[in-house]
Amino acid sequence: MLLPLSGFVLNSFYSMNGSEIVRGFSAGNYVQFANNQAYVGVLWHTIWLCGRVALICLLLAYPLAWYVWQQPEAKRFPLLLVIILPLFMSYIVKLFTMRSLLAVTGLMNELLLDAGFLAKPTTAFMFNENAILLTMVAMYLPFVFLPIYLALERIPESLVQASADLGGTQATTFRHVVWPLSVPGVISGAIFAFVLSLGDYVTPQMVGGPNGFTFGRVIFSQFGAAYNWPLGAALAVVLVIVSGAAILSAGLVSKKGEA
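Only a predicted model underlies this, so the values are computations on that prediction, with no experimental measurement involved.

Quick word on the overall build of the chain
Looking only at helices and strands, the chain has 12 helices and 2 strands in total. Each helix (α) and strand (β) of the chain, taken in turn from the N terminus, gives the series α-β-β-α-α-α-α-α-α-α-α-α-α-α. Across its three principal axes, the chain shows a C-alpha extent of roughly 75 × 55 × 30 Å. Of all 259 residues assigned to the chain, the portion counted as buried reaches 38%. Partitioning the contacts of the chain with sequence separation of at least 6, the portion at a separation of at least 24 is 69%. Accessible area for the chain stands at about 14600 Å²; split by element, carbon and sulfur atoms hold 70% of it. Both charge centroids of the chain, one from 12 positive and one from 10 negative side chains, sit 6 Å from each other.

Written as structure tokens, this is what we have:
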């Protein structure tokens, strides 16, 4: 991991002369990023999008993890298998599955047409930011579910029983016992969803279309069509810094909660 990351950092200080890479040290790429409001704006918008992905995944994954945790031992494994099964599927297969659901001729439109809610197929489900948001939530939900479920499973049953013996209601037990002990799993799941979606450029390209221009796609374009590898490397380093800051912040919050 350190070798390719070091290569990115090194290349980010190079520059372009026509189609040739000039291997001289300069901070010009970072200055260009800071002075280009389009790049900065796309980065902030991508962070906002990924934050919403993480939040929605948490709102869906925590009740789901709680439900599975409350089931008898015999039922837990089949439920876990169903929830984590998408992790064993190809990323591209899952993307095309979402496209088949959200497309103009997809399942969503067919159901709404059959139910009489639509008079004709709509493009509202595809090639926009909502399609990116929905697809990322579907893709990364298992990554959020697993840490939360593992955190819940590690809670000693004796603590829950002790709370009940002391007269605590289910809500009180959740607030004072279950939730504090499951917070590390919640933070881990949120970081998984945020960081994975932050660097995702394939999903916005496949389901977002022209309206799905995220920071990952900006980096991809620099390494592809623009053939400006030094600038692409600098933008990638910026993305690594944002990801690292998010992970560091989550770690500090988790340590503060434990204290």
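That covers the picture; the talk isn't over yet.
Here's the deal with the environment of Ser26
If you trace the backbone, Ser26 turns up in the loop between strand S2 (20-22) and helix H2 (28-35). Distance in space between the C-alpha atoms of Ser26 and Phe13 is 5.0 Å, their sequence separation being 13 residues. If we ignore the near neighbours within four places in the chain, the residues touching Ser26 are Ser12 and Phe13. Here the side chain of Ser26 touches Gly28 through a polar contact of 3.1 Å, landing on its backbone nitrogen.

Quick look at the packing of helix H3 (residues 37-70) against helix H7 (residues 129-153)
Axis separation between H3 and H7 bottoms out at 6 Å; the angle between their running directions is 45 degrees. One way to sum up the angle between H3 and H7 is to call them oblique. The chirality of how H3 crosses H7 is right-handed. A per-class count over the contact of H3 with H7 returns 24 nonpolar, 1 polar and 3 charged.

Thoughts on the nonpolar core
Ranked by internal contacts, the top residues of the largest apolar core, which has 58 residues, are Phe33, Phe145, Ile148, Leu152 and Phe215. At 16 residues, the largest contribution of residues to this core is made by H3. Residue contacts for Phe33: discarding those within four places in its chain leaves Tyr39, Val40, Leu43, Phe215, Leu235 and Val238.

A closer look at H7
The end-to-end C-alpha distance of H7 is 35 Å, a good match for the 36 Å that 25 residues give at a rise of 1.5 Å each. Of all the bends in H7, the greatest reaches close to 45 degrees and is centred on Tyr140; the proline Pro142 follows between one and four positions later.

Observations regarding the pattern of salt bridges
Taken as a whole and assessed by the stated rule, the structure comprises 3 salt bridges. Notably, a salt bridge pairs Arg52 with Glu129, separated by 2.3 Å at the nearest N-O pair. Of this pair, Arg52 sits in helix H3 while Glu129 sits in helix H7, and the two are 77 residues apart along the sequence. Exposure remark for Glu129: the relative accessible area of 23% places this residue in the partly exposed category. A salt bridge links Arg76 to Glu153, with the nearest nitrogen and oxygen atoms 4.0 Å apart. Taken together, the residues Arg76 in helix H4 (residues 73-84) and Glu153 in helix H7 connect sequence positions 77 residues apart. Among the residues examined, Arg76 registers a relative accessible area of 14% and is labelled buried. A relative accessible area of 39% means that Glu153 is categorised as partly exposed. A single network of salt bridges, built from pairs that share partners, joins Glu73, Arg76 and Glu153.

What counts and how
- Residues numbered from 1 in each chain as written.
- Predicted model: local features only at pLDDT ≥ 70, side-chain atom pairs only at ≥ 80, totals over all residues.
- Heavy atoms only, no water.
- Helix = DSSP H or I, 4+ residues; strand = E, 2+ residues; numbered from the N terminus.
- Buried < 20%, exposed > 50% of the residue type's maximum accessible area, 1.4 Å probe, protein only.
- Contact = heavy atoms within 4.5 Å.
- Areas by Shrake-Rupley, 256 points an atom, 1.4 Å probe, with all protein chains shown as cover.
- Lys, Arg positive; Asp, Glu negative; His and termini not counted.
- Charge placed at Lys NZ, Arg CZ, Asp CG, Glu CD.
- Polar contact = N/O pair within 3.5 Å; in protein donor to acceptor, adjacent residues only side chain to side chain.
- Axes fitted to C-alpha atoms, helices over the stretch in contact; angles between N-to-C directions.
- Parallel < 35°, antiparallel > 145°, perpendicular 65-115°, else oblique.
- Left-handed = near helix turned anticlockwise from the far one by under 90°.
- Nonpolar A, V, L, I, M, F, W, Y, C, P; charged D, E, K, R; others polar.
- Core = buried A, V, L, I, M, F, W, Y, C linked by side-chain atoms within 4.5 Å.
- Expected span 1.5 Å × (residues − 1).
- Bend = angle between axes of the 7 residues up to and from the residue.
- Salt bridge = Lys/Arg side-chain N within 4 Å of Asp/Glu carboxyl O.

The quantities given are spatial measurements derived from coordinates; they are silent on function.
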